[in-house]
Structures are given as C-alpha cells and as structure tokens.
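Geometric and topological summary
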Amino acid sequence: DQQVKQNSPSLSVQEGRISILNCDYTNSMFDYFLWYKKYPAEGPTFLISISSIKDKNEDGRFTVFLNKSAKHLSLHIVPSQPGDSAVYFCAANSGSSNTGKLIFGQGTTLQVKP
Amino acid sequence: DAGVIQSPRHEVTEMGQEVTLRCKPISGHNSLFWYRQTMMRGLELLIYFNNNVPIDDSGMPEDRFSAKMPNASFSTLKIQPSEPRDSAVYFCASSRRGGGNQPQHFGDGTRLSIL
C-alpha cells in the first residue's frame, strides 16, 4: 500500500519553462512534506519542505504547494535549467510526531532540454 | 562540513558471504537511518536510530539483516548470509532529532551486488 505516490515516472521540459512535479498521499496524519533531488551515483539531496500548517513555501526558483483537502502537493521549478535534470522524490513524515520516519514516493525523472 | 560518509561505495561479493556496510553520520546529528533502493520497491526505510538506540526496525527484511550503532559517529548494516535478491543501493542518512521537521541528509550510498 503506497502512502506517497508520484504518478508520473518522467517529465520533459524546455529550458526556461516551468517544471511541475506532482505528489499525492493517502495518510491524513502526514504533517510534514519534503522534496529531494537525486543525481545518478549520488544520494538524495534535500531541496525544500513544507509543514501542513502552510499551503506554500518558496525558496528561489523552487516553490512547493500543499493542498491538504486533496492530499496533494506539487513542486514548481521556474525557470527550469538543464542542471535541474535529476530524479525528484516526494517524502512525507509518517505522522507520529517525533519519529522522523519518512515515507518516499517512487520518484519522477525530470529532463530539462537546452 | 563533511556530509554523511558511507563505505564502501561499491561491493561485489558471492552469495552466502557476509557483507558489512558502514556509515558515519554528520557530527551533531542524533538520528540515523538506513534505506535500501531497488527498482521494484523504490526507496524504503530499513531501520532508524535515535541517540544510538534502534527505534524502528520494522523495515528490516529478514533476520539475515542486522544493524548496530555503537556510538554517535558510526553505524553498520550487516547482511549474513547474503543473497542475490539483496542486490541494491543502500543509503545511510542522518538528521538532527526534532520530530519529523528535520530534513534527512543522505550519503552517496553503497551499491551492493550479490552474485
């Protein structure tokens, strides 16, 4: 039973345009959400996070939106750059407050074309 | 600052052999996590520690897997005996303890191949 789902395995975007990566979750107890970026042969790198008390968090070119009623979050990258090409993982805290345990989605491979 | 350090980066061994993966977390981090990544199952949590104490090992697939954290700066994940289906990339991550609102920082992983 996949509690965090990234339904698009891949996404291709032209340089300079907006990239939108989507993530859905099923557990209403999740209260903290993160996005990680992963390059080949490296570990995932933390990108941006959002708490369930907010609906938007922005950091430079990266913005995460949270829609709690829809149990949906998205990552927007504007403008997209070729260096953004990587696998993006959505993750959620398992909701037991102090556990720190994260549940990851399957990942979306983003390709930004020059 | 040094990140999470994992060794070895690659391990190739024959079925039945003991495999030991090592991890040095970021200094000052109180929580340590071991993950396994496969094509079929994605990134799944195996076990995690808070202040060197194992908190949740429900993700450990079998008794062949064991993990220890003898001190705040070192952890091992051991597989004995190893099997071909254990082939995967194993990641270690650490974070400051503080509930869920602390991002985890990952090492670059150990790519394990069991022949």
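Just above, that's the structure.
What comes next concerns the included structure.

Calculation notes
Residues numbered from 1 in each chain as written. Chains lettered and ligands numbered in written order. Predicted model: local features only at pLDDT ≥ 70, side-chain atom pairs only at ≥ 80, totals over all residues. Heavy atoms only, no water. Salt bridge = Lys/Arg side-chain N within 4 Å of Asp/Glu carboxyl O. Buried < 20%, exposed > 50% of the residue type's maximum accessible area, 1.4 Å probe, protein only. Helix = DSSP H or I, 4+ residues; strand = E, 2+ residues; numbered from the N terminus. Phe/Tyr/Trp six-rings, centres within 6.5 Å; stacked < 30°, edge-to-face > 60°. Core = buried A, V, L, I, M, F, W, Y, C linked by side-chain atoms within 4.5 Å. Pairing = 2+ DSSP bridges.

**Side note on the pattern of salt bridges**
Pairs can form between side chains of opposite charge whenever their charged atoms are close. All names here are of chain B. Scanning all chains against the criterion turns up nine salt bridges over all chains. Taking the shortest distance from any N to any O, the salt bridge between Glu 44 and Arg 41 comes out at 2.9 Å. The class of Arg 41 is exposed, set by a relative accessible area of 54%. The salt bridge involving Glu 62 is made with Arg 85; its shortest N-O contact spans 2.8 Å. With Glu 62 in the loop between strand E6 (53-56) and strand E7 (65-71) and Arg 85 in the loop between strand E8 (74-79) and strand E9 (88-95), this pair connects stretches of sequence that are 23 residues apart.

**A short note on unusual backbone geometry**
Geometrically, the link from Ser7(B) to Pro8(B) is a cis peptide bond, its omega value of -10° lying close to zero. Relative to the assigned elements, Pro8(B) resides in the loop between strand E1 (5-7) and strand E2 (10-13). Backbone geometry places Lys71(A), a non-glycine residue, at a positive phi of 50°. Relative accessible area serves as the criterion here: at 26%, Lys71(A) is assigned to the partly exposed category. Backbone geometry places Asn51(B), a non-glycine residue, at a positive phi of 50°. Its place among the elements puts Asn51(B) in the loop between strand E5 (42-50) and E6. A relative accessible area of 41% means that Asn51(B) is categorised as partly exposed.

**Focus on the packing of aromatic side chains**
Any pair of aromatic rings gets described here by the distance separating the centres and the angle formed by the planes. Under the counting rule described, the total for this entry stands at 13 aromatic pairs over all chains. Ring geometry for Tyr25(A) against Phe33(A): centres 4.7 Å apart, planes inclined by 40°, an arrangement best described as tilted. Take Tyr25(A): its relative accessible area is 7%, and that puts it in the buried class. For the pair Tyr36(A) and Phe104(A), a centre-to-centre distance of 5.6 Å together with 55° between the ring planes defines the contact as tilted. On the criterion of sequence distance, the pair formed by Tyr36(A) in strand E4 (residues 32-38) and Phe104(A) in strand E10 (residues 102-104) is long-range, its members being 68 residues apart. We classify Phe104(A) as buried; its relative accessible area is 5%. These aromatic residues form a ring-pair network of at least three members: Tyr36(A), Phe46(A), Phe89(A), Phe104(A), Phe33(B), Tyr35(B), Tyr48(B), Phe91(B) and Phe106(B).

**Observations regarding the nonpolar core**
Within the largest apolar cluster, 23 residues are counted, with the highest numbers of intra-cluster contacts made by Phe33(A), Trp35(A), Leu73(A), Leu75(A) and Tyr88(A). If you tally residues by element for this core, the top one is strand E9 (residues 86-93) of chain A, at four residues. Core analysis: the next-biggest nonpolar cluster, separate from the first, contains 21 residues, Ile26(B), Leu46(B), Met69(B) and Ile79(B) among them.

**A short note on the pairing of strand E3 (residues 19-24) of chain B**
Residue and element names in this part refer to chain B. Bridge analysis of E1 against E3 gives three bridges, and the strand direction is antiparallel. From the neighbouring strand, Gln 6 faces E3, where its bridge partner is Cys 23. In the sheet, E3 pairs with E8 via five bridges, with the strands oriented antiparallel. The residue of E8 that forms the bridge with Cys 23 is Ser 75.

**Side note on the sheet that holds strand E8 (residues 72-77) of chain A**
All names here are of chain A. Strand order in this open sheet of five strands is E1-E3-E8-E7-E6, and the pairing throughout is antiparallel. Each edge of the open sheet is held by one strand with a lone partner, namely strand E1 (4-5) and strand E6 (56-59). Alignment of E1 against strand E3 (residues 19-25), held across two bridges, turns out to be antiparallel. Among the inter-strand pairings, Lys 5 is bridged to a residue of E3, identified as Asp 24.

Any functional reading would require information that these geometric values do not contain.
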